[in-house]
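Here's the letter readout for the chains.
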Amino acid sequence: METKTVRETRCFKVSRVFPTDVNNHDTLFGGKLMSYIDDIASISVSKLCRAAAVTASTDSVDFLQPIRPTDSVSLESFITWTGTSSMEVFVKVIREDLRSGDRKIAATAFLTFVALDENNRPTGVPQIVPETEEEKKLHETAERRAEMRKHRREESKKFADYLLTKYPWE
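Residues numbered from 1 in each chain as written. Predicted model: local features only at pLDDT ≥ 70, side-chain atom pairs only at ≥ 80, totals over all residues. Heavy atoms only, no water.

A. Here's a closer look at unusual backbone geometry. Positive phi outside glycine occurs at Arg50, with the angle close to 50°. By the element assignment, Arg50 lies in the loop between helix H1 (30-49) and strand S3 (52-63). Phi at Asn120 takes a positive value of approximately 60°, unusual for a residue other than glycine. Structurally, Asn120 is set in the loop between strand S6 (103-116) and strand S7 (127-129). (Helix = DSSP H or I, 4+ residues; strand = E, 2+ residues; numbered from the N terminus.)

B. Layout of the packing of aromatic side chains. For the structure shown, the criterion picks out three aromatic pairs. Here the aromatic rings of Phe90 and Phe110 are separated by 5.1 Å at their centres, their planes lie at 45°, and the arrangement is tilted. In this pair, Phe90 is assigned in strand S5 (residues 86-97) and Phe110 in strand S6, connecting sequence segments 20 residues apart. Between Tyr167 and Trp169, the ring centres sit 4.7 Å apart and the planes meet at 5°, which makes this aromatic pair stacked. Tyr167 gets classed as partly exposed once you look at its relative accessible area, which sits at 47%. Looking at Trp169, the relative accessible area reads 68%, which means it is exposed. Ring-pair connections join several aromatic residues into one group, and the members of that group are Phe78, Phe90 and Phe110. Positioned above the aromatic ring of Phe78 is the side chain of Arg10, whose terminal nitrogen or guanidinium carbon lies 4.3 Å from the ring centre. (Phe/Tyr/Trp six-rings, centres within 6.5 Å; stacked < 30°, edge-to-face > 60°. Buried < 20%, exposed > 50% of the residue type's maximum accessible area, 1.4 Å probe, protein only. Lys NZ or Arg CZ within 6 Å of the ring centre and 35° of its normal.)

No statement about biological role is implied by the geometric values presented.
Now the structure itself:
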């Protein structure tokens, strides 16, 4: 079975926060950050599987610190776990005050992607090999997150059966 190290999937993105990127609280708009997160996660996925892939779920995005116009925002992503065709990606977001140099973890996120073949069917992916302590910890705890995702997805499918598809104006 083919393997790749976490290091081979690691990606970085650094951006300045501009006035057009902030909301009415003068902090980085959450949707903008979520777009950055999905983008960088997809690059880590491509580095692992070298195939088409789709976002299956954004498992969590935890906003921990506000990101202000005086900050830069740095994202780091890497694959933490692989199944047969699925991949869990971790994204760490660091805000740095560009005046003082103070850095804080501003957000964390877990996403799941599925690799697809040329017929848009799930296809196998290399297994991931963690090396650092941080990578090993995330890898060790990934199976529990995978179980929670599976349960949440089953519940979401049941819940969807109760939702209406008729528009209010019909």
